[in-house]
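Residue-level listing of the chains:
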Amino acid sequence: MLSKDKTYLPELDGLRAFAVSIVIINHFNKELMPSGFLGVDIFFLISGFVITASLCNRSEKNFWSFISRFYSRRIKRIFPALILCVIVSAIFLCFFNEKPEYEIKSAITSLFGLSNFYFIKISMDYFSQTAEINPFMHTWSLGVEEQFYFIFPLIFWNSGFAKNQILSYRKFIKRIGILAVISFLGFVFLYNKNPTLTYFFMPTRFWEIASGSLLFLFLKKKPFLFSGLQKIPPISILFLILLVIFLPLNYFVFSVFAVTILTSILIICLKKGSLIYSIFTNKIIVSLGLISYSLYLWHWPIIAISRLTIGIQWWTIPIQLILIFVFAFISYSFIENPIRNSKNIFSKNKNIFIVAASSLALSSLWLTFLYKFSQSIYLGNKELVQDRTIFKIKINDKIIDDSECNGKYVIRNQRPQCIVKPRKKGNPTMYLLGDSHLQHYLPLFEEVRKEKGYGYEFYGRLGIPIGKRKAIKTNTFVDETVSLNIVNHVLNKVSKNDIVIISERHERNFAPKMLDERHQPPYLFFENNNQISRKEATNRFGDYLKTLYRKINQKEATLIIF
């Protein structure tokens, strides 16, 4: 229970330590704690609780004084440690990543609290392997909090809290409560349609931070409402939280809701004399909670860059944990804490805003410069990097780019393709069909040409179609006749001993969204403008490949499907 004069709750720092610990465990190994990422949701709840507590202890009549003081405190709390982490991580990243375009863009947007929008824009899946090697992936949550901070103090001021107006409590509860309900409904109903948007979008996460705010106000003003919950043993609630954390990803929406409710109950019933209270207020646990922000900042870049280099092995984890704690301790002791408590240049709000704006601008310029010259500090084999990309490969022993490779041949209005003749008239030709995935194999086929004298014709632009498809975004039919013309063109040319190779994302031919059954309804293909079920589309795709095989086999050629 909150007392009127108690402004610091050490048990919340203990809860922060718990939250950051399960996040770190999950990021090291998802199998150990499948839903350990829910520690971020616990952070959201605590943030709402603490920020409301800090504002309720203030009383100001001037809006600009109120808002400038609020943002100056947030700037001192968030940005110094963030800027240091982003700059250092970006430098190390460029040592081991030859072309960190998306990562550097993530870094720049993270400085302005917009990385979550960037991840939405590029349709980044938080749980994908690509996300695991982006050192700035975790900054999405900071973006959500920073965007929340643009809305929350305005609601707080408009409700009359800061001016001690009568009925301000009810106004604030009503407004923040309505927004929280709308946010929660959006979270629940949007997740199946667009999980990436729902995961990263502040409006669909608003309810979690708002829940912490409402929890504080009810505990402060109406503690009797929780008299029954306060009798629950905290250890039983913590046990339930751990059960939720071990649930698989399929239960995402339920898990987020459950951990938010259970953490709220844990805060309510966490009282002196209980075992969990003693653990959470232990000096070591509280110390971890105090540096939890720095731990959160540094753990992910160290893990992501490790994946790019030595990997995550049982023998590397102790070293990586030591690095995480060393960098977090340095960040907290020499950057985060001193600047937050500084009374010199940061004593005036005006100076804080000027320094913050200058630091962000300079950091962005530095990151842009770093990316432009990242090749010069890359520690890997620069020559190998240049040779392996489709945009700079060797065809007939000449280094050419993609446009030159495809400049001579146009097949029925299709984009031009690479065509390399066999060394001798009787040598086989490899016909390469598929999509952009097939481009990865071009250096391999070039080696086969040089060693065996084979020719090859590259048509890796579109997937192998089975009929009309309906585009999800535009809801219009996609004409596949161009692709079919390419297939028919190859079938007419193929002869004895030739090889037809298909490499593509095959499921695009029968699934609404690649490898993602969460997207409903499960229809994509159409025939005579009538929809075909996914099962029927899958069967038709199988029949199509069988028919294609028979036609190729009749010409005594070989079909290989990757």
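Cut-offs and rules
- Residues numbered from 1 in each chain as written.
- Predicted model: local features only at pLDDT ≥ 70, side-chain atom pairs only at ≥ 80, totals over all residues.
- Heavy atoms only, no water.
- pLDDT = per-residue confidence, 0-100.
- Contact = heavy atoms within 4.5 Å.
- Helix = DSSP H or I, 4+ residues; strand = E, 2+ residues; numbered from the N terminus.
- Buried < 20%, exposed > 50% of the residue type's maximum accessible area, 1.4 Å probe, protein only.
- Polar contact = N/O pair within 3.5 Å; in protein donor to acceptor, adjacent residues only side chain to side chain.
- Pairing = 2+ DSSP bridges.
- Right-handed = clockwise from strand over helix to strand, strands pointing away.
- Axes fitted to C-alpha atoms, helices over the stretch in contact; angles between N-to-C directions.
- Parallel < 35°, antiparallel > 145°, perpendicular 65-115°, else oblique.
- Nonpolar A, V, L, I, M, F, W, Y, C, P; charged D, E, K, R; others polar.
- Core = buried A, V, L, I, M, F, W, Y, C linked by side-chain atoms within 4.5 Å.
- Expected span 1.5 Å × (residues − 1).
- Salt bridge = Lys/Arg side-chain N within 4 Å of Asp/Glu carboxyl O.

### Some details on the confidence of the model for the protein chain
Then, number 1: For the protein chain, mean pLDDT is 85; residues scoring 70 or higher make up 82% of the total.
Then, number 2: Here residues 400–416 is a poorly scored stretch, pLDDT under 50, and it has 33 contacts once near neighbours within four places are set aside; other chains count.
Then, number 3: Confidence drops under pLDDT 50 across residues 512–523; counting only partners more than four residues distant or on other chains, this segment forms 27 contacts.

### Considering the environment of Pro34
Then, number 1: By secondary structure assignment, the location of Pro34 is in the loop between α1 (10–28) and α2 (39–56).
Then, number 2: A relative accessible area of 25% places Pro34 in the partly exposed class.
Then, number 3: Measuring from C-alpha to C-alpha, the distance between Pro34 and Val244 comes to 9.4 Å, with 210 residues separating the pair along the chain.
Then, number 4: Excluding residues that lie within four positions of it along the chain, Pro34 makes contacts with Asn26, Ile245, Phe246, Leu247 and Pro248.

### So, the environment of Thr281
Then, number 1: Within the element layout of this structure, Thr281 appears in the loop between α13 (275–280) and α14 (283–290).
Then, number 2: When the C-alpha atoms of Thr281 and Leu15 are compared, they prove to be 9.1 Å apart, with 266 residues separating the residues in sequence.
Then, number 3: Only 2.6 Å separates the side chain of Thr281 from the backbone oxygen of Tyr277, close enough to count as a polar contact.

### A look at the pairing of strand β4 (residues 429–434)
Then, number 1: For β4, a buried count of six out of six residues is recorded, marking the element as mostly surrounded by other parts of the structure.
Then, number 2: Covered by surrounding structure in β4 are Thr429, Tyr431 and Leu433 together with Met430, Leu432 and Gly434, the residues of both alternating faces.
Then, number 3: Bridge count for β4 against strand β5 (residues 455–459) is five bridges, and the pairing is parallel. If you follow Met430 over to β5, its bridge partner there is Tyr456.
Then, number 4: Remark: the β4/helix α21 (residues 442–452)/β5 crossover connection has right-handed handedness.
Then, number 5: Bridge analysis of β4 against strand β8 (residues 499–503) gives five bridges, and the strand direction is parallel.

### Notes on the packing of helix α8 (residues 168–191) against helix α12 (residues 252–269)
Then, number 1: Taken N-terminus to C-terminus, the directions of α8 and α12 make an angle of 160°; their axes are 10 Å apart at the nearest point. In this view, α8 runs roughly antiparallel relative to α12, as classed from their interaxial angle. Seen from α8, the contacting residues are Phe184, Phe187, Val188 and Tyr191; seen from α12, they are Phe252, Val253, Val256 and Phe257.
Then, number 2: Grouping the constituent residues of the contact of α8 with α12 by class yields eight nonpolar, no polar and no charged.

### Some points on the sheet that holds strand β11 (residues 558–561)
Then, number 1: Reading across from one edge, β3-β5-β4-β8-β11 is the order of the five strands in this open sheet, with mixed pairing throughout. Looking at the sheet topology across the chains shown, the edges are occupied by β3 (418–420) and β11. Going across the sheet, the axis of each strand differs from the next one's by a mean of 15°, ignoring polarity.
Then, number 2: Against the sheet, α21 contacts β3, β4, β5 and β8, and its axis sits at roughly 160° relative to β5.

### With respect to the nonpolar core
Then, number 1: Formed by 117 residues in total, the largest nonpolar core has its most connected members in Phe18, Leu82 and Trp140.
Then, number 2: With 16 residues, helix α3 (residues 63–96) is the single largest residue contributor to this core.
Then, number 3: Here Leu82 is in contact with Ser110, Leu111, Thr139, Leu142, Tyr293 and Leu297, once residues within four sequence places are set aside.
Then, number 4: Counting residues in hydrophobic clusters, the runner-up holds 18 residues, among them Tyr431, Tyr459, Leu491 and Val494.

### A closer look at helix α15 (residues 292–308)
Then, number 1: Between the first and last C-alpha of α15 there are 25 Å, a value that for 17 residues agrees with the 24 Å anticipated at 1.5 Å per step.
Then, number 2: For α15, the buried fraction is high: 15 of the 17 residues fall into the buried class.

### Looking at the packing of α1 against α15
Then, number 1: The geometry of α1 relative to α15 is characterised by a closest axis approach of 10 Å and an angle of 5° between their N-to-C directions. Considered as vectors, α1 and α15 are oriented roughly parallel to each other. Of the residues in α15, those touching α1 at Arg16, Val20, Val23, Ile24, His27 and Phe28 are Ser292, Leu295, Tyr296, His299, Trp300, Ile303 and Arg307.

### Brief notes about the pattern of salt bridges
Then, number 1: Using the criterion set out here, one finds 10 salt bridges in the structure.
Then, number 2: Notably, a salt bridge pairs Lys450 with Glu447, separated by 3.3 Å at the nearest N-O pair. A residue pair is termed a helical-turn pair when its members lie 3 or 4 positions apart in one helix, as Lys450 and Glu447 do in helix α21 at three residues.
Then, number 3: With a shortest N-O distance of 2.6 Å, Glu457 and Lys493 are connected by a salt bridge. Remark: Lys493 occurs in helix α22 (residues 481–493) and Glu457 occurs in strand β5; sequence separation between them is 36 residues.

### Details of the side chain of Ser331
Then, number 1: Topologically, Ser331 is positioned in helix α16 (residues 317–340).
Then, number 2: Here Ser331 falls in the buried class, since its relative accessible area comes to 0%.
Then, number 3: At 3.4 Å, the side chain of Ser331 forms a polar contact with the side chain of Ser294.
Then, number 4: When sequence neighbours within four positions are dropped, the list of residues in contact with Ser331 reads Ala81, Leu84, Ser294, Trp298 and Glu336.

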